[in-house]
Structures are given as C-alpha cells and as structure tokens.
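Structure assessment
Here is how the chains run, residue by residue.
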2 protein chains.
Amino acid sequence: MVVPSLTLPIALAALTGLLGFIVGAVLQQDASYRNIQSTMANDPYIYQRRQQIFDATMFFTFSLGHDTSQLPDSAHVATLMKYGFPGLDDVHVYRNFVLSYDRRNRIAHWVCEHLESECLTETPATIVQKPAEFLIDSSIPLIFRASQLDYRNSEWIGGHLASPHNYRCDPSKYIETFILPNIAPLSHGLKSKIWTRLEAYIRELTIKCGSVYVYTGPLFMPERITFRNWAIRHQVIGMNTVAVPTHFFKVIIAECKERDDLPYMEGYVLPNADIDNNLELSSFISNIRDIEHFAGLKFYDGARRPQLHHNIQTIDPSL
Amino acid sequence: MVVPSLTLPIALAALTGLLGFIVGAVLQQDASYRNIQSTMANDPYIYQRRQQIFDATMFFTFSLGHDTSQLPDSAHVATLMKYGFPGLDDVHVYRNFVLSYDRRNRIAHWVCEHLESECLTETPATIVQKPAEFLIDSSIPLIFRASQLDYRNSEWIGGHLASPHNYRCDPSKYIETFILPNIAPLSHGLKSKIWTRLEAYIRELTIKCGSVYVYTGPLFMPERITFRNWAIRHQVIGMNTVAVPTHFFKVIIAECKERDDLPYMEGYVLPNADIDNNLELSSFISNIRDIEHFAGLKFYDGARRPQLHHNIQTIDPSL
C-alpha cells in the first residue's frame, strides 16, 4: 500500500518544519536580546526602558533563561548607575562617570562616579600630566557648550565635579575628568578649602569601605527678598552665559562590607563662596530630601536610615 | 533499492525544516516590530531611539517591507512631534500636547501642540465649563509638583502654556489644558494683553493655514549687573518654590499649503511683565537662535529662511 509509506515522510516533514519554526523564532529572539543588551550598554535611554523593549520583543515568550532585569558585567551604564539615574536630561556616558547635562545652564545637572579602593591605594607608575586646556565634548551641540574662555575672564575657576585625583591610577581616566561638561564655576575660596577636604574625605571613605558611589552637582537656592518674597539669583559668565551655581551638592553611597548589608548614604551642601575653613565637614551635611527638592533630582531610596548622622562620627568627618 | 525511497523524505524534511526556521524567525521579528511600534506610540524615549532598537531586533534582516523611519497614523507621539523634540527632559504625552517638565523649576521646559482649523471653525455644541481647580498630574512625583496653593497667595496668576481656547471643540481636550504641568506663573499685565493677542493671532493663522505647530515655554534671561557682570534673577513662589520666568517664548511652525512647500517658522519672546498693549505683536518677534540659546532647546531646522520677517507682514501681526 501507498499510505503508510507516505505517512511517515509527511509526519517527519511536519515535525522538522515545526522544529525549524521554533528554532528560528528562538534564535531570532535570542539575537534580538543580545543586540539590545549590547546597544543599551552605552545608551542610557534604552537602558532605562529595557523592560518595555524586552517585553515587546518577547512575543512568542520562549525563555532561554534570560533574566531581563540583569545585565552582564560588560554593561558599562548598568555598573556605573547601580543606584539609579537622579534625572534623565541629556545623559552622557564616559569611561569613569555618567553625566546629565543642563543645556540651559551649560553645566552638568549631576555627575555620577564609582570610586574603588584599588585605584586609590595603587602608587601610580607615572606622574600624569594635566592637560593645558579643558577638553571639548563634541557630542554636545556647539550652541550649548561652555568654553575655556568663559572661565578665563571671570572671578570663578573651572572646578571638576568628578575629581581627577580619584583617577590617578589610570592616565586616560584622569584626563577624561578635564572634559568641559564635568567643569563648573567654583569660588576659589570654596575650591581651595572645604571642597578639597570633602573630596579627600570621600577618597578616605573609599579606601576604608572598598566601594563608594558619588553624585555631584550644582544647586540654585532661593534667598528671601522681602517677608513673603523669595528669589533665585545667580551670575552667568562668558559669551556662553555659563550659570554660576549658588551651592553644590554631593550625595555619597558607601558600600562598607564590614558594617552591614545596607549601603550607607550621606548628603552635603556647600555654598559656592569663600567659607570659613575651620568649620567641620559634618556641619555641611544636609537632608537628601532638601537636595532633591532644590535640584529637581531623585536619589536612591533604599539606603536611607535615621541613624545616618550618627554613623558619620565613626568615619571622622573632620579630617 | 532503499536509497531513492529515503532521499526524497529526507530532502522534504530538510526543506520544511528550513522553511519553518525562516517562517519562525520572520514571524518573531514581525511580532517584535509591531510590539515596539505600539510601545513607542506613547513612549517618547523609545520613539526617540526607535532606529537603534529596530536595528537591534533585525538580526536576520528579513525584510517584510517595514519602513523603520515611518510610523503608522496611530502613533500619537509621532503625529504631535512632527517637528521634533526641542529637549528630552522628563517628557509627558497628553491627548492634545506633549510636554517636557522641569522638575527643578516645577514648570514645563516646553509644551508642543498641534492646532488644526477644523477644531477652531466648528461652533461648539456645548459651552465647556472651566474646572474649579487646576488638575494634578500624578505621573510627576509629589516632591516635584506645583500646586494651586503656590499660585493663590502670590501676585502671579497661573497661565496656560497650551491655551484652552484652542480646544473649544472638544470638552476633554479643553479640560486637559488645566493640568498643572501646563500652568506657569504669568504676570496679570502680560496675560490680559499681549499674551492673549498672540494666542488669538496663532488661532487666526491656523484658520488661514490649516495646520500650525506651537512650542511654548519659559525663559530665564540674564540682566547686566555691572559693566562686566551679568546675572539671572527670578522669583520663586509658594511652598513648592515654583520658578517665575522672566520671559516666555512661542515658536510657531505653520504649514500653509497655498504658499509653498516649506513650512513657515516664527519665534516670539514676551517679557513676563505688564507691557504696553499698544506695541505691535511683530515687535516681539525674536531670532529663534536666541530662544534656543537661553532656553537650552533645539527647534526644527528645516524651515528657517531669511525672508521670514517679511512673510509676517502678509499675515497681519497687529490684529
């Protein structure tokens, strides 16, 4: 008979057809998954929307054991932004920091960096040479850029938000902190005293804890004009009208392993003025909620504890 | 012989397997494509990165005739944002406008709306009732919201950036303009005079042209303090320290069919103060480049022509 000799080939063909269909769909999905992963590694916006994008590409919902909430170690943005984006305006990803740029004020909204003790304790093989000028970031449109010239004829100095001294172990990372979006107008009196002490304290904390995340940015704080009226007033410098912040903030998230599981969080607000160097660093500690209010930013929420202000005593803030 | 009777079934199985593989991959890809399309219709960030996302999901590059640069008519964001996003900070999509929110100042960076003559020429069936209070947008975190109270005890009134009078034909669209992110502190003297005239002029232009896109937003302009020093100074009102802009801008893109193919573009800057109502509207025309500089925004570039300021004469700016 003809029937049995046809049934088997047809069944076989149908099975391989189905198998091929599944393999095709799964491979296509897997390829999409890997490609989106590598695209998001350097694109903060795709990274932020990863769940929606993965959901959209997982139509046949074949699971290859992908955990869409996790990214591989190669995902640069994910590593640096472990504690989230305080804001999403014009985010730029660099080698050692991620920065949100304020096109209206020609300075950063915030800079986020990750300090590790290895880099700070190593003795640098070579002395790194400071670049003669700040570096231009061509990914920012010309009309929104600040320039070296804006700072030159002003009473303000160009201060680093992410400090070059945090990256003495790696010349290319050191040089990168001289890029203009990482520079903001700083009072000479602040920079030479409290600012430098706070940066040194953070490095000390990093050596003690192993791993510290730091968010640094400008603040524009209102002052009382009359009994009921408040106003914000700040200078702008140069042809590019670069805004001079009235204050700066630093929000620190320290992962001190020996202490306990929760990371430890601190906020500082420093006036952009020549302040008395005899003041203790701890007198500039601020409620992170106040920083969020005036900066229009939202910081990581999981690490806030009422004992916060006691903890600092054990780390010696007055160094 | 056995060989020929096996070759055919194996060839058939291999062919259906390959066919199944291709169909599976293509269908998976097509499903991803459609899902991403529908996700981006209301998500401005995914919409902005659509090319990168499509590229990432098109691994096997089977083409089903998808044009990745085009979106279907159902794509709300694409329709409203035909002339692009001036900035990408905290973008919110509403029924009749798209808005970028400035969390630091608790007002919008810009509001983009699309006016069409049909809505303006129709006689409304019912008289729309003003809501008693501004509406709260719960998609904005509480600490970054303005409130009705901030306006109540101040000398400034809550002015609409996208005007409710543009939407008299549709009660739900009319009501939506009362949402707080669309409100900003306006001087009574500006609102009652030039501001209202400029809005009326835009509606007249829409009836004449058929289709007009309008971007409205605040400006914070510096003033000279001493010969070499410039500063920005603006009030903040209420518990939420809502910023009072020193000026407002409007950038208009009119698609006047009878004129020629290029859309026609105009920029206005109005001081947020009680200005002389006898001034002609055309005296507030501003270089769009200056608006871009002070707002930190980037507008559509394809419609700028040197004849711009002549064109306006034919539309009667002094109505």
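Residues numbered from 1 in each chain as written. Chains lettered and ligands numbered in written order. Predicted model: local features only at pLDDT ≥ 70, side-chain atom pairs only at ≥ 80, totals over all residues. Heavy atoms only, no water.

Below, the discussion takes up unusual backbone geometry. One non-glycine residue with positive phi stands out, namely Thr241 of chain A, at about 40 degrees. Mapped onto the elements, Thr241 of chain A comes out in the loop between strand S8 (230-237) and strand S9 (242-243). The backbone phi angle of Asp90 of chain B is positive, close to 45 degrees, even though this residue is not glycine. Residue classification places Asp90 of chain B among the buried positions, given a relative accessible area of 13%. (Helix = DSSP H or I, 4+ residues; strand = E, 2+ residues; numbered from the N terminus. Buried < 20%, exposed > 50% of the residue type's maximum accessible area, 1.4 Å probe, protein only.)

Attention now moves to the interface of chain B and chain A. Each side of the interface is counted separately: chain B has 64 residues, and chain A has 64 residues. Summed over both partners, the interface of chain B with chain A buries about 5500 Å², with 59% contributed by carbon and sulfur atoms. At the junction of chain B and chain A, the tally comes to four salt bridges. The closest approach of N and O atoms between Asp102 of chain B and Arg104 of chain A, which form a salt bridge, is 2.6 Å. At the boundary of chain B and chain A, one finds 21 residue pairs in polar contact (both at pLDDT 80 or more). Elements that contribute at least two residues to the side of chain B that touches chain A include exactly helix H1 (3-40), helix H2 (44-48), helix H3 (50-57), strand S8 (230-237) and helix H9 (288-295) of chain B. Ranked by the residues each element gives to the side of chain B that touches chain A, the list is headed by H1 of chain B, at 18 residues. In the sheet, S8 of chain A pairs with S8 of chain B via seven bridges, with the strands oriented antiparallel. Across the sheet, residue Trp230 of chain A finds its bridge partner in S8 of chain B, namely Val236 of chain B. (Contact = heavy atoms within 4.5 Å. Buried area = accessible area lost by both parts, 1.4 Å probe. Salt bridge = Lys/Arg side-chain N within 4 Å of Asp/Glu carboxyl O. Polar contact = N/O pair within 3.5 Å; in protein donor to acceptor, adjacent residues only side chain to side chain. Pairing = 2+ DSSP bridges.)

All names here are of chain A. Inspection of every chain in the model, using the stated rule, returns four disulfides over all chains. What pairs with Cys119 in a disulfide is Cys169, and their sulfur atoms sit 1.9 Å apart. Between Cys119 and Cys169, the S-S dihedral sits near -100 degrees, and the bridge is therefore left-handed. In this pair, Cys119 is assigned in helix H5 (residues 117-121) and Cys169 in the loop between strand S4 (157-160) and helix H7 (171-176), connecting sequence segments 50 residues apart. Here Cys209 engages in a disulfide with Cys256; their sulfurs sit 1.7 Å apart. Residues Cys209 and Cys256 are joined by a disulfide whose S-S torsion is about 50 degrees; by sign, that bridge is right-handed. Pair noted here: Cys209 is in helix H8 (residues 188-209) and Cys256 is in the loop between strand S10 (247-254) and strand S11 (264-271), with a separation of 47 residues, a long-range link. Each member of the pair Cys209 and Cys256 is classed as buried. (Disulfide = S-S within 2.5 Å.)

Within this structure, the stated rule accounts for 27 aromatic pairs over all chains. With centroids separated by 6.2 Å and ring planes inclined at 70 degrees, the aromatic side chains of Phe134 of chain A and Tyr151 of chain A adopt a geometry described as edge-to-face. With Phe134 of chain A in the loop between H5 and helix H6 (148-152) and Tyr151 of chain A in helix H6, the pair connects residues that are 17 residues apart, well separated along the chain. A network of ring pairs unites the aromatic residues Tyr47, Phe85, Trp110, Tyr215, Phe249 and Phe299 of chain A as a single cluster. Taking NZ or CZ as reference, Lys250 of chain B lies 5.2 Å from the ring centre of Trp195 of chain B, over its face. (Phe/Tyr/Trp six-rings, centres within 6.5 Å; stacked < 30°, edge-to-face > 60°. Lys NZ or Arg CZ within 6 Å of the ring centre and 35° of its normal.)

Bringing the pairing of strand S6 (residues 211-219) of chain B into the picture now. Residues and elements named next belong to chain B. Among the nine residues that make up S6, nine are buried, leaving the element largely enclosed by the rest of the structure. For S6 and strand S10 (residues 247-254), the ladder comprises eight bridges, and the chain directions are antiparallel. Of the residues in S10, the one forming a bridge with Pro218 is Phe248.

Turning our attention to the relation of the copies chain B and chain A. With an RMSD of 0.1 Å, the operation that places chain B on chain A is a rotation of 180 degrees combined with a shift of 0.1 Å along the axis. Such a combination of turn and shift is consistent with a two-fold rotation axis. Here 100% of the contact residues of chain B are again contact residues in chain A; the copies associate through an equivalent surface. (Least-squares fit on C-alpha atoms with pLDDT ≥ 70 in both.)

Take the layout of surface pockets next. Put simply, the second largest pocket is a space of about 430 Å³. Around the second largest pocket, the lining comprises 18 residues; the ones closest to its centre are Ile237, Gly238 and Met239 of chain A together with Arg228 and Trp230 of chain B. Put simply, the parts of the chain that give the lining of the second largest pocket at least two residues each are H6 and S8 of chain A. The dominant element in the lining of the second largest pocket, judged by the number of residues it contributes, is S8 of chain A, at three residues. A class-by-class count of the residues in the lining of the second largest pocket yields seven nonpolar, eight polar and three charged. (1 Å grid on protein atoms, 1.4 Å probe; cavity = no way out; pocket = protein on both sides within 12 Å on 5 of 7 lines; lining within 4 Å. Points joined across faces, edges and corners; volume = space filled by probe spheres on them. Nonpolar A, V, L, I, M, F, W, Y, C, P; charged D, E, K, R; others polar.)

Let us now look at the UniProt feature "transmembrane region" (unreviewed entry) in chain A. UniProt records the feature "transmembrane region" (unreviewed entry) for residues 6-27 of chain A in the present numbering. The span residues 6-27 of chain A is 100% helical and 0% strand by assignment, and the distance between its end C-alpha atoms comes to 31 Å. (UniProt positions renumbered as here; feature names shortened; annotations may be inferred.)

Residue and element names in this part refer to chain A. With antiparallel pairing, the six strands of this open sheet are ordered in space as S1-S2-S3-S6-S10-S11. For this open sheet the edge positions go to strand S1 (91-93) and S11, each flanked by a neighbour on one side alone. Neighbouring strand axes in the sheet, compared pairwise and without regard to direction, differ in orientation by 15 degrees on average. Both strand S3 (residues 107-116) and strand S6 (residues 211-219) contribute to a ladder of six bridges, which runs antiparallel. Bridging from a neighbouring strand, Leu115 pairs with Val212 of S6. Running at roughly 55 degrees to S11, helix H9 (residues 288-295) makes contact with S6, S10 and S11 of the sheet. (Axes fitted to C-alpha atoms, helices over the stretch in contact; angles between N-to-C directions.)

One pass over the full model with this rule turns up four cavities of 30 Å³ or more. Of the voids in this model, the largest cavity is the one considered here, and its volume is about 270 Å³. Around the largest cavity, the lining is made up of 19 residues, and of these Asn105, Phe220 and His234 of chain A together with Asn105 and His234 of chain B lie nearest the centre. When residues of the lining of the largest cavity are traced back to their parent elements, those giving at least two are S8 of chain A together with S8 and H9 of chain B. Of the residues belonging to the lining of the largest cavity, the class tally is 10 nonpolar, seven polar and two charged.

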